[in-house]
Amino acid sequence: MEMDVNYLLHRQQMSMIRAQSSRSDKGRDAYESLAQSYTERIDAYRRENERLIIHAH
């Protein structure tokens, strides 16, 4: 599945900004959880691309 990593990076950053500016613990936790899920997807994308590059050489 093709991913737009720039979109994921943007969403991660926005979630982190919203977590920092959240007035409630519940809201902050929700945005931090979203940021973490984007981080995991970005990391998976990078690992997959790294694997593909290594195999190409």
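Nothing here was measured: the structure is a model prediction, and the numbers come from that model.

Basis of the calculations
Residues numbered from 1 in each chain as written. Predicted model: local features only at pLDDT ≥ 70, side-chain atom pairs only at ≥ 80, totals over all residues. Heavy atoms only, no water. Helix = DSSP H or I, 4+ residues; strand = E, 2+ residues; numbered from the N terminus. Buried < 20%, exposed > 50% of the residue type's maximum accessible area, 1.4 Å probe, protein only. Areas by Shrake-Rupley, 256 points an atom, 1.4 Å probe, with all protein chains shown as cover. Expected span 1.5 Å × (residues − 1). Polar contact = N/O pair within 3.5 Å; in protein donor to acceptor, adjacent residues only side chain to side chain. Contact = heavy atoms within 4.5 Å.

J.: Just checking my understanding: could you explain the overall build of the protein for this structure?
T.: Assigned secondary structure in the protein consists of two helices and zero strands. Burial status across the protein gives 18% buried among its 57 residues. Taken as a whole, the protein presents about 4,700 Å² of accessible surface, with 51% of it coming from carbon and sulfur.

J.: Would you mind showing me how to read helix α1 (residues 5–21) here?
T.: Because an α-helix packs 3.6 residues into every turn, residues spaced three or four apart end up facing the same way. If you check α1, its first and last C-alpha atoms are 24 Å apart, about what 17 residues at 1.5 Å a residue would give, namely 24 Å. Between the side-chain oxygen at the start of α1 and the backbone nitrogen of Asn6 there is a gap of 3.1 Å, and the oxygen is on Asp4.

J.: Hey, could you run me through the side chain of Ser22 in this one?
T.: Following the sequence through the fold, Ser22 ends up in the loop between α1 and α2 (25–56). You can call Ser22 buried: its relative accessible area is 16%. A distance of 3.1 Å separates a polar atom in the side chain of Ser22 from the backbone oxygen of Ser24. Those residues in contact with Ser22 that sit more than four places away from it in its chain are Gly27 and Arg28.

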